[in-house]
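For reference, the chains in residue letters:
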Amino acid sequence: MERPAWAPPDVDIDQPSISRIWDWFLDGSHNFAVDREVAKQMLKLMPEGPRMAQASRAFLRRAVRMCADAGVTQFLDIGSGIPTVGNVHEIARAADPQSRVVYVDTDPVAVSHTRQMLGGDPTTTVLRGDLRDPQAILDSPEVRGTLDLDSPVAVMLIMILHFIHDEDDPAAVLARFREALPSGSMLVVAHGSQNTENMPDEHLHGARKMYEKSVAQVRLRTRTEVQALFGGWKLVPPGVVWIPDWRPDPADAVPAFDIPNAGYAGVAVKL
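Residue indices follow the written sequence of each chain, beginning from 1 at its first position. Totals for whole chains, interfaces and linings use every residue, but because this is a predicted model, local features are given only for residues with pLDDT of at least 70 and side-chain atom pairs only at 80 or more, for both listing and counting. To get the side-chain values, take all heavy atoms of the structure and skip hydrogens and water.

Our next topic: the nonpolar core. To define a nonpolar core, start from buried Ala, Val, Leu, Ile, Met, Phe, Trp, Tyr and Cys residues and group those joined through side-chain atoms within 4.5 Å. Each residue gets one of three labels from its accessible area relative to the maximum for its type: buried under 20%, exposed over 50%, partly exposed in between, using a 1.4 Å probe on protein chains only. Grouped together as the largest cluster of nonpolar side chains are 33 residues, with contacts concentrated most on Leu-76, Ile-78, Leu-131 and Leu-157. By definition, any uninterrupted DSSP run of H or I lasting at least four residues is a helix, any uninterrupted run of E lasting at least two residues is a strand, and each is numbered from the N terminus. Listing elements by their share of this core, those giving two or more residues are strand 1 (74-78), strand 2 (100-105), helix 6 (134-139), strand 4 (154-158), helix 8 (170-180), strand 5 (186-191) and strand 8 (264-269). Ranked by the residues each element gives to this core, the list is headed by helix 8, at three residues. Between two residues, a contact is recorded if the distance between any of their heavy atoms is within 4.5 Å. Dropping the residues within four chain positions of it, Ile-78 is found in contact with Val-104, Leu-131, Ile-137, Val-155, Met-156, Leu-157, Ile-158, Ile-160 and Phe-177.

Written as structure tokens, this is what we have:
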């Protein structure tokens, strides 16, 4: 296909990207034909996919506003993908114009797109980093130059932890952020789940197989397993719950009953 004018020159437009598939689910404009084709195949097995994406995005907005209300104006969004409509820096700045944001993603596609979208914004930046190496993220020039790590930071992990397998010890990864950040810092998590009660097994396994073949391996977790990841952090009410049930806002307009496998979410604070 012909390369769109907005596409960064270092991005392979013939290789599907989870960031751009997610962007398409959210009615974004930063996706290519190859991404849309994979997404449409997934929808045949999991038609609620876009509503799942919308539910997690709505949760992100609610969580950012909650953090801002608690006085946290610095955000470290890891696994950020492409910051589509309703992204962290837009929501945070609506609450406090002085908010600062660092986006982190291991996918060069997402990083290139984000860098182009942000331009020369002095209070928001992006870096290519891997959640499995939290110290490298914390020590990066982008983080050190944008955030004050002596003041509270909200670590946003929206639909990224299910890419971290058990052998990579996700609980230890989260503990490292807790150790490095001051009291009052927040941890925001949305996680893909194994709640298959309302979804036929063959549909879930089929969608998962297609997803893993096209994008990446995943480790879906139960509510109990997601809750265990918050060890050492203090969960705020309502704790770890189904994503649409975390402090729902009628303005979100996401029909909860229509999302049978939305995943789990929670927000916690470092005391």
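Let us keep going from here.
By salt bridge we mean one thing: a side-chain nitrogen of Lys or Arg within 4 Å of a carboxyl oxygen of Asp or Glu. A complete count under the given rule lists 10 salt bridges for this structure. A salt bridge links Asp-166 to Arg-219; the nearest nitrogen and oxygen atoms lie 3.1 Å apart. Separated by 53 residues along the polypeptide, Asp-166 in the loop between strand 4 and helix 8 and Arg-219 in the loop between helix 9 (201-214) and helix 10 (223-228) bring together distant segments of the chain. On the basis of relative accessible area, Asp-166 is assigned to the partly exposed category, the value being 43%. Exposure remark for Arg-219: the relative accessible area of 18% places this residue in the buried category. The structure contains a network of salt bridges with shared partners spanning Asp-166, Arg-219, Arg-221 and Glu-225.

What follows deals with the side chain of Asn-31. Looking at where Asn-31 falls in the secondary structure, it is placed in the loop between helix 1 (18-25) and helix 2 (33-45). Asn-31 sits in the buried class, given a relative accessible area of 7%.

As for its position among the elements, Ile-164 is in the loop between strand 4 and helix 8. Among the residues examined, Ile-164 registers a relative accessible area of 5% and is labelled buried.

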